Each structure stands twice: as C-alpha cells, then as structure tokens.
Amino acid sequence: MFDFDATLPVMALQFLLLAALLNVIFYKPLTKALDDRENYIRTNNLEAKERLAKAERLTKDYELQLADARRQAQSVVAQAQAEAQKITAEKVAEAEKEAQAQREQVAQEIDQQKQEALRSLEQQVDALSRQILDKLLEPTY
C-alpha cells in the first residue's frame, strides 16, 4: 500500500524544517508582538485604574475641603451678621441716648424760657398793678 522509501523521511525533514523556519520567522515574532501588546494593555489598564483611584481620592479630598470651606464661610457670614447686629444695636442705643439728651436739653430750655416768660409776665403784671393802683389811688381833685 504505502511505499516507504526515502521520500517519507525527506518529507518529514522538510515538514520539520518548515515548522522550525515558520516558528523562527513568523510565530516567534507574532507571539512576541502579541505578548508585548498584552503587556502594554495590562500596563495601561493598571495605570488607568491607579489614575482613576487617585482622581477619586482627589475628588473626595476636594469635596471635603469644599464642605469645610462652606462651613467656614457660613461661620464667617454668621459672625459678620452678629457683629453687624451688635453694631446696629449700639448705634441705635447711641442715637436713642442722643435723642433723649436732646429731649432733656430742649425740655430744660423750654422750662427756662417758661420761667423767663413767667418772670417777665410777673414784672409786667406788677407794673400794670402799680399803674392801676397809682391811678386808683391818685387823688381826684
């Protein structure tokens, strides 16, 4: 059926040489390229995961800082409002004191003018009373 002469070992030798040649020329470089690409993808994937984790940490840090800054801003605003209310209350109290002092001063001036007017009227009444008495007591001849 089969002839086992020299062609079978030569064909086997050719096949082995072709397989070795393809391995050296084609398969090893292709396998190396695929391995390099796999390493490149794995490295980039790990770097991307690290960058993502770092970005998430930075985001959390910034959110904490933002929340802290907002709390501080609210505190500053509350302090400013309290201080403004305090200053306003002091100014109002000072204005009320000044108004009260002016009212008292005006009241004193009015009392003083009233006293002067009363004295003046008393003098005029005394003068008119004397004139009336003088006229009444004048001898009529």
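Note that the coordinates shown come from a computational prediction; the quantities given were computed from them, not determined experimentally.

Scoring rules and cut-offs
- Residues numbered from 1 in each chain as written.
- Predicted model: local features only at pLDDT ≥ 70, side-chain atom pairs only at ≥ 80, totals over all residues.
- Heavy atoms only, no water.
- Helix = DSSP H or I, 4+ residues; strand = E, 2+ residues; numbered from the N terminus.
- Buried < 20%, exposed > 50% of the residue type's maximum accessible area, 1.4 Å probe, protein only.
- Areas by Shrake-Rupley, 256 points an atom, 1.4 Å probe, with all protein chains shown as cover.
- Lys, Arg positive; Asp, Glu negative; His and termini not counted.
- Charge placed at Lys NZ, Arg CZ, Asp CG, Glu CD.
- UniProt positions renumbered as here; feature names shortened; annotations may be inferred.
- Phe/Tyr/Trp six-rings, centres within 6.5 Å; stacked < 30°, edge-to-face > 60°.
- Salt bridge = Lys/Arg side-chain N within 4 Å of Asp/Glu carboxyl O.
- Patch = residues over 30% accessible without salt bridge, like charges linked within 9 Å, V, L, I, M, F, W, Y side chains within 5 Å.
- Expected span 1.5 Å × (residues − 1).
- Bend = angle between axes of the 7 residues up to and from the residue.

Student: So what about the overall build of the protein? Which residues, and what values?
Tutor: When helices and strands are counted, the protein shows 1 helix and 0 strands. Along the three orthogonal principal directions, the C-alpha set of the protein runs to about 200 × 25 × 20 Å. Counting over 141 residues, the protein shows a buried share of 0%. In the structure as shown, the protein presents an accessible area of about 13600 Å², 60% of it carried by carbon and sulfur atoms. The distance from the centre of the 19 positive side-chain charges to the centre of the 24 negative ones in the protein is 6 Å.

Student: Kindly report on the UniProt feature "transmembrane region" (unreviewed entry) in the protein, identifying the contributing residues and their values.
Tutor: As recorded in UniProt, the sites labelled "transmembrane region" (unreviewed entry) are residues 6-27. Across residues 6-27, helical content stands at 95% and strand content at 0%; the span's end C-alpha atoms are separated by 29 Å.

Student: Pulling in residues and values, what's your account of the packing of aromatic side chains?
Tutor: Tallying each qualifying case throughout the model produces 1 aromatic pair. Arranged with centres 5.3 Å apart and planes meeting at 65°, the rings of F26 and Y27 form a pair that is edge-to-face. The partly exposed category is assigned to F26, whose relative accessible area is 44%.

Student: Hey, could you go over the environment of E94 for me, with residue numbers and the actual values?
Tutor: Relative to the elements of secondary structure, E94 occurs in helix 1 (residues 7-137). It is 61 Å that separates the C-alpha atoms of E94 and L52, two residues lying 42 residues apart in sequence.

Student: Can you tell me about the UniProt feature "coiled-coil region" (unreviewed entry) in the protein, naming the residues and giving the values?
Tutor: In the numbering used here, UniProt assigns the feature "coiled-coil region" (unreviewed entry) to residues 45-138. Helix makes up 99% of residues 45-138 and strand 0%, whereas the separation of the span's terminal C-alpha atoms amounts to 135 Å.

Student: Tell me about the pattern of salt bridges, residues and numbers included.
Tutor: All told, the structure shown has 3 salt bridges when counted by the stated rule. Here D36 ties to K32 by a salt bridge, and the two come within 3.5 Å at their closest N and O atoms. Taken together, the residues span about one helical turn, with D36 and K32 both in helix 1 at a distance of 4 residues. Here D68 and R71 are joined by a salt bridge, their closest N and O atoms 3.8 Å apart. Residue D68 and its partner R71 are located together in helix 1, separated by 3 residues, close to a single helical turn. Residue classification places D68 among the partly exposed positions, given a relative accessible area of 34%.

Student: Pulling in residues and values, what's your account of the environment of Q14?
Tutor: Looking at where Q14 falls in the secondary structure, it is placed in helix 1. When its relative accessible area of 46% is taken as the criterion, Q14 is described as partly exposed. Spatially, the C-alpha atom of Q14 lies 92 Å from that of A78, the residues being 64 residues apart in sequence.

Student: So what's going on with a nonpolar patch on the surface? Which residues, and what values?
Tutor: Taken together, the side chains of L18, L21, L22, V24, I25, F26, Y27, L30 and L34 present a nonpolar region at the surface, about 860 Å² in accessible area. Locating L21 in the fold gives a position in helix 1. Owing to a relative accessible area of 48%, L21 belongs among the partly exposed residues under this scheme.

Student: Describe helix 1, and please don't skip the residues or the numbers.
Tutor: The first and last C-alpha atoms of helix 1 sit 185 Å apart over 131 residues, in line with the 195 Å expected at 1.5 Å per residue. The principal kink in helix 1, of about 45°, is found at N23.

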